[in-house]
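Residues per chain, in single letters:
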Amino acid sequence: MRIFWLYAHPCPESFHGSIRARAVAAAERAGHVVDMCDLVAEGFDPVMRAEERRRYHDLSRNQQGLEGWIERINLAEWLVCQFPVWCFGPPALLKGFFDRIFLPGVAFDLSKPADVTSKFNRLNRVTGIASYGQDRLKAFWMGDPPRKLITRYLAWYAGRGARVRYLPVYRMNTIDQDQRERFIRQVERHFER
Amino acid sequence: MSMTARLSRLAKRSEEAGSPVRILVVHAHPDPGSFNTALFRVTCRVLAARGAQIDALDLYAEGFQPVMEHHERRRYHDKGDNELGVEDLLERLMNADGLVFVYPTWWYGLPAMLKGWLDRVWLPHRSFIIPEPGSRGPIRPGMTRIRLLGGISTYGAPWLWTKWVGDPGRRTVLRGIGPLCAPRRETFWEGHYLMDQSTPATRAAFLARVEQRLNRLKSLR
């Protein structure tokens, strides 16, 4: 499958850097094609400016300057989002990707406001890989926004029958090396299948 | 907390009892002519009229940069060093008795601009205290001065859809940030849903509702 991999961690030497290297290798061993979109390395600016906001609903102009990313995500059959959870959600860098790229006419059809439909027709698999400082119970109590980003929001784009999987690791500040290794193995197995 | 620390905190509080309540109103919308920015202005005006001292933080107007860079991430856990570059914004936050968010909900959550303010300005050792590696203790609050917490937002989605996705913006503020604030705090939330189908009448009604809500807040009495 063709994978579009959204990655949003600023430090290459981080735990996320290790997860990414081994998970991509596992996906490629299984025959998948990975298009890595490292938002930091690509210098993505997550802030939607005034001019962009004003033309947001104008289908003839709202893609200006964003064509490259739009073209790549349109090719995706499998969308992977890998990010650290900061202050209860995805980093601003990743949130801004949805703000700016998931546009009317690109990601969804808003011509009938009462019946909005997804435009990502090829997409039928979604995976989230997220690391939390807090524990699972806390995340659950506050509604776990990063999990719902994957399992409800992105799942909607992938449509009915899509395979959606969320792979979280909790208590990042206190877990040990063995627990980290176990998590990476779990992610590898997910992509080997 | 030791007894002396407790006493000095009590003394400080009574000294401040006569001073006005300071409210930080945080706003993030790119278009100054938007309905959302109108909500921001009304919020500041109504709260000021109730005697609060307002610190109006318009992140777009102030040119805030929401992306945490790698060098900042590397010193994120280092007490003191992690404040470099955001000292002023952190002081404005630490001086607040109340915190009110006014923003458009984009994709069920905070705009990147506002999310980045949380990422970069809400820091360990100040806003919250992270347990040492190896211990299993919980993250502890650092913003116990804040006793009023609320939000006003505009949503493209209908109410029911917003709830199904979990209303991440509201929960991030009330349940995520909330526990980092004073244990006994007043909270509120107001939302205008289905913005794409809104009319001048629905917007005027929402403005009036917001004004009423702000006028009812108990912590400003």
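All figures in this text were calculated on a predicted structure; none of them were measured in a lab.

> Requested: an account of the sheet that holds strand 3 (residues 78-84) of chain A, with residues and values cited.
All names here are of chain A. A sheet is described by the order of its strands in space; here five strands give the open sequence 2-1-3-6-7, paired in parallel fashion. A single partner strand is all that each edge strand has here, and the edge strands are strand 2 (33-38) and strand 7 (163-169). Going across the sheet, the axis of each strand differs from the next one's by a mean of 15 degrees, ignoring polarity. Packing against the sheet, helix 6 (residues 145-158) makes contact with strand 3, strand 6 (125-131) and strand 7, and its axis sits at approximately 165 degrees to strand 7.

> Please give an account of the packing of helix 4 (residues 92-101) of chain A against helix 5 (residues 112-121) of chain B that cites residues and values.
Between helix 4 of chain A and helix 5 of chain B, the least distance of the axes is 8 Å, while the angle of their chain directions is 170 degrees. Relative to helix 5 of chain B, the element helix 4 of chain A lies roughly antiparallel. Touching A92, K95, G96 and D99 of chain A of helix 4 of chain A are A112, K115, G116 and D119 of chain B, all from helix 5 of chain B. A per-class count over the contact of helix 4 of chain A with helix 5 of chain B returns two nonpolar, two polar and four charged.

> Could you give an account of the interface of chain A and chain B, with specific residues and numbers?
Think of interface size as the accessible area that goes away when the parts come together; that is how it is often given. Across the boundary between the two partners, chain A contributes 33 residues, which contact 39 residues of chain B. Looking at the side of chain A that touches chain B element by element, the count peaks at six residues for helix 4 of chain A. Per-class residue counts for the side of chain A that touches chain B are 19 nonpolar, seven polar and seven charged.

> An account of the sheet that holds strand 1 (residues 22-27) of chain B is needed here, citing residue identities and associated values.
Residue and element names in this part refer to chain B. Read from one edge of the open sheet, five strands run 2-1-3-6-7, paired in parallel fashion. Both outer strands of the open sheet, strand 2 (53-58) and strand 7 (186-192), are each paired with one neighbouring strand and no more. Ignoring strand direction, the axes of neighbouring strands in this sheet form an average angle of 10 degrees. The pairing of strand 6 (residues 148-155) with strand 7 spans seven bridges and is parallel. Residue T154 lies in a different strand from strand 7, and its bridge partner there is H192. Where helix 7 (residues 168-177) meets the sheet, it contacts strand 3 (98-105), strand 6 and strand 7, and its direction lies at approximately 170 degrees from that of strand 6.

> Go over unusual backbone geometry with me, naming the residues and quoting the values.
Residue and element names in this part refer to chain B. Phi is positive for W107, close to 50 degrees, though the residue is something other than glycine. Judged by local crowding, W107 falls into the buried class, with 21 C-beta atoms found within 10 Å. Positive phi, close to 80 degrees, is recorded for H125, a residue that is not glycine. Tracing the backbone through its elements, the reader meets H125 in the loop between helix 5 and strand 4 (128-129).

> Before we move on, can you summarise the packing of helix 2 (residues 35-49) of chain B against helix 8 (residues 200-216) of chain B with the specific residues and values?
All names here are of chain B. Running from amino to carboxyl end, helix 2 crosses helix 8 at an angle of 25 degrees, the nearest separation of the two axes being 10 Å. Taken together, the axes of helix 2 and helix 8 are roughly parallel relative to one another. Where helix 2 crosses over helix 8, the handedness of that crossing is right-handed. Where helix 2 approaches helix 8, its residues F35, L39, V42, T43, V46 and L47 are matched on the opposing element by R203, L207, V210, E211, L214 and N215. Within the contact of helix 2 with helix 8, the residues separate by chemical class into eight nonpolar, two polar and two charged.

> Could you give an account of the pairing of strand 2 of chain A, with specific residues and numbers?
Residues and elements named next belong to chain A. Sheet topology places strand 1 (residues 2-7) next to strand 2; six bridges connect them, and they run parallel. Within strand 2, the residue paired with R2 across the bridge is V33. As for the winding sense of the linkage, the β-α-β connection from strand 1 through helix 1 (residues 15-29) to strand 2 is right-handed.

> Just give me the short version of the pairing of strand 6 of chain B, but keep the residues and values in it.
Look at any regular strand and the pattern is simple: side chains alternate between the two faces of the sheet. All names here are of chain B. Among the eight residues in strand 6, eight count as buried, and that is most of the element. The alternating pattern of strand 6 places L148, G150, I152 and T154 on one face and L149, G151, S153 and Y155 on the opposite face, and all of these are buried. Relative to strand 6, strand 3 is paired through eight bridges, and the arrangement is parallel. Bridging across to strand 6, G98 finds its partner in L148.

> Describe helix 7 of chain B, and please don't skip the residues or the numbers.
Across the 10 residues of helix 7 of chain B, nine count as buried, placing the element largely inside the fold. Listed in full, the buried residues belonging to helix 7 of chain B are P168, G169, R170, R171, T172, V173, L174, G176 and I177 of chain B. Looking at the packing, one finds that the buried side of helix 7 of chain B touches helix 6 of chain A together with strand 3, strand 6 and strand 7 of chain B.

> Help me get a handle on the confidence of the model for chain B, residues and values and all.
Looking at chain B, the pLDDT average stands at 91 and 90% of residues meet or exceed 70. ipTM for the predicted complex: 0.91, alongside a pTM of 0.91.

> An account of helix 2 of chain B is requested, with residue identities and associated values reported.
All names here are of chain B. The end-to-end C-alpha separation of helix 2 is 21 Å, in line with the 21 Å expected for 15 residues at 1.5 Å each. Inspection of helix 2 places N36, T37, L39, F40, T43, C44 and L47 among the buried residues, and these make up the whole buried set. Down the axis of helix 2, the sector holding all buried residues measures 150 degrees, keeping them to one side. Buried positions along helix 2 lie against strand 1, strand 2, strand 3, strand 6 and helix 8. Two residues or fewer after helix 2 comes G51, characterised by a positive phi angle close to 100 degrees.

Rules behind the numbers
Position numbers for residues start from 1 in each chain and track the written sequence from start to end. Lettering for chains starts from A, numbering for ligands starts from 1, and both go in the order in which the items are written. pLDDT decides what is reported in this predicted model: residues at 70 or higher carry local features, side-chain atom pairs at 80 or more are listed and counted, and totals for whole chains, interfaces and linings draw on all residues regardless. At least two bridges found by DSSP between two strands is the condition for calling them paired. Strands are runs of DSSP state E lasting at least 2 residues, helices are runs of H or I lasting at least 4, and numbering of each runs from the N terminus. All axes are obtained by fitting lines to C-alpha atoms, using only the stretch in contact for helices, and the reported angles, taken between N-to-C directions, cover 0 to 180 degrees. Once C-beta atoms have been placed from the backbone, residue pairs whose C-beta atoms lie within 7 Å are recorded as contacts. An angle counts as roughly parallel when it lies under 35 degrees, as roughly antiparallel when it exceeds 145, as roughly perpendicular when it falls between 65 and 115, and as oblique in every other case. Three classes are used, and their members are as follows: Ala, Val, Leu, Ile, Met, Phe, Trp, Tyr, Cys and Pro are nonpolar, Asp, Glu, Lys and Arg are charged, and the others, Gly among them, are polar. Backbone-placed C-beta atoms define the burial measure: a residue is buried with 20 or more other C-beta atoms within 10 Å of its own, exposed with 12 or fewer, and partly exposed in between. Left-handed describes a crossing whose near helix is turned anticlockwise from the far helix through less than a right angle; right-handed describes the clockwise counterpart. Note on handedness: a clockwise path from strand one over the helix to strand two, with the strands aimed away from the viewer, defines a right-handed crossover. Every residue carries a pLDDT, the predictor's confidence in it, which falls somewhere between 0 and 100. How far a helix is expected to stretch is found by multiplying one less than its residue total by 1.5 Å. Think of the arc as the fan of directions from the helix axis to the C-beta atoms.

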